[in-house]
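Next come the chains, spelled out residue by residue.
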Amino acid sequence: MMDQLEVRFTLKGEQNEKTFFLRNEGDKFYLIGDSADGKRYEVKKDEFTNIFELKDKGNFAEPVEVIEERMIGLSENWIEAQSQGLEADNEDVPQSRKPGYGPKDIIVNTDSYSISDLMRMVESEDIEIAPRFQRHFVWDKTRQSRLIESIFLGLPLPAIYLSEYDDGRMTIVDGLQRISTIRDFMDEKLRLCNMEYFDFCNGKTFSELNLPELQLRRFYRTQITCFKIDYRSPNQLKYDLFRRLNTGGKALNDQEIRNCLSRKDVQETLYEMISSQEFKSATCNSIKDTRMAAQESALRFICFYDFYTSAANLSGYNGNMSRALDSCVERLNGVSKQELNKYIALFRDSMKFAYSLFGGYAFRKVYPDYRNTRKSSINKSLMLATTVLLAVYGDRYMPRKMLTDDFADLLERDKELINAISWSTSSKRNITYVFDCLKNNLFDKFLLK
């Protein structure tokens, strides 16, 4: 699930700041708080700038300029979410949940490693980095150069957080850009620029600097504090910790966090799934992966294929999509690439089957006059249920005809199905309904051999 669109304010007369989620109903937008009262605050969207503005700012304790600044940030996140090619999530406001572990379960050790030691661990893959699968936005060259300059100046570097696997290898929870920058600099992949104190280094790579032996040794010996999450700590801890630490200039969404905490085989599997021609054809190449929206779709398929094949009533799913996907990554991290390959084949086959049944309207809401209207965006619930059902029951079905008209009729008749794919889309009740409805009233009805 791409992250909830949220903003934090303090209601007048209250002390604690609360989280408010953006919800869209037709052409209207609201902020809904995380309390049980369901109170909503109307939001206006400028039709030219797409900037959100609260209709009544007097409900909140923050100064008007602070409210406006936070709403601009919310607007930017909404615009980015729209560019991914998927319908926006309209989830129930998640109630606060305890993490399922206590302070005594957390084991975090503190070590100090030199740059030389850290680079040796990266080279030997004791610290796992898969450059191809890092998030798509990275530090620009100026920021990277300033980090190197800070090392030359002898300034202390921020701590790095690592998470340990049970085989002793580690992944980076926080500090990926710092480690990647140092590695790229030492591998001659970074040409320094815009240095302030060491401007004579601008335009040069590591070897071209010809550093004196003393300075070179000091560079290698520079110590970086590392907090290491022991493998005996709860698996969910590193995801929760990452979200707490994820406060940089460009915060990662949930799937980008999972990507950083996935092992290489899992990253490669998801990438192969969404790079397949079958996926591109079935989605009309409309789901963008710049923020890993496409890879999250592939992960959802794996997660719910396993839920569904273990119990057709999806009893293993508790309604918390984010936690379910986190847990799925942890399980997949222990699975061999050979076993992961089965998901690639299943995903491709189901995408191919879906395209043969719905063509360019696969995974989209369609209505009786759909040929005369603009295509809707890909609906996550429809894609999830359709692909999993076709993967599980594909050998029972005969692709006799296109189902787009039949599906349009079903959506016209079944208002509960419309609600289930439009609101509270990750709730167990609604996901179960979508699975059952598509199976019983569409695929079994028209495709059984």
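Below is a summary of the structure that appears in this document. Remember, it's a predicted structure, so these values are computed and weren't measured experimentally.

Once that is clear, we can look at the overall build of the chain. Secondary structure summary: the chain contains 16 helices and 10 strands in total. Here the C-alpha atoms of the chain give a radius of gyration of 25 Å, agreeing with the 22 Å that 2.2 N^0.38 yields for 449 residues. Once the C-alpha set of the chain is aligned to its principal axes, its extents read approximately 75 × 60 × 45 Å. Considering the chain as a whole, with its 449 residues, one finds that 52% of them fall into the buried category. The contacts of the chain with a sequence gap of at least 6 include a subset with a gap of at least 24, amounting to 70%. Here the chain contributes 65 positive and 68 negative side-chain charges, whose respective centroids are spaced 2 Å apart.

Time to look at the pattern of salt bridges. Any two side chains of opposite charge can pair, on the condition that their charged atoms come close. In this structure the tally under the stated criterion is 29 salt bridges. Of the charged contacts in the structure, one is a salt bridge between Glu6 and Arg8, with a shortest N-O distance of 3.2 Å. The exposure class of Glu6 is partly exposed, given its relative accessible area of 31%. Note that Arg263 is salt-bridged to Asp167, the shortest N-O span being 3.2 Å.

A separate point is the sheet that holds strand E4 (residues 40–45). The strand order across the open sheet formed by five strands is E1-E2-E3-E4-E5, and the pairing between neighbours is antiparallel. Edge positions in the sheet fall to strand E1 (6–9) and strand E5 (52–54), since each has one partner strand and no second. Going across the sheet, the axis of each strand differs from the next one's by a mean of 35 degrees, ignoring polarity. In this sheet, E4 lies alongside strand E3 (residues 28–33) in antiparallel orientation, the contact comprising four bridges. Residue pairing for E4: Tyr30 is matched across the bridge by Glu42.

Burial analysis of helix H4 (residues 176–186) places 11 of its 11 residues in the buried class, the great majority of the element. Within the sequence span of H4, burial applies to Leu176, Gln177, Arg178, Ile179, Ser180, Thr181, Ile182, Arg183, Asp184, Phe185 and Met186. After H4 finishes, the residue Glu188 shows a positive phi value of roughly 65 degrees.

Conventions adopted
Residues numbered from 1 in each chain as written. Predicted model: local features only at pLDDT ≥ 70, side-chain atom pairs only at ≥ 80, totals over all residues. Heavy atoms only, no water. Helix = DSSP H or I, 4+ residues; strand = E, 2+ residues; numbered from the N terminus. Rg over C-alpha atoms; globule rule 2.2 N^0.38 Å. Buried < 20%, exposed > 50% of the residue type's maximum accessible area, 1.4 Å probe, protein only. Contact = heavy atoms within 4.5 Å. Lys, Arg positive; Asp, Glu negative; His and termini not counted. Charge placed at Lys NZ, Arg CZ, Asp CG, Glu CD. Salt bridge = Lys/Arg side-chain N within 4 Å of Asp/Glu carboxyl O. Pairing = 2+ DSSP bridges. Axes fitted to C-alpha atoms, helices over the stretch in contact; angles between N-to-C directions.

Taken by themselves, the reported measurements are silent on function.
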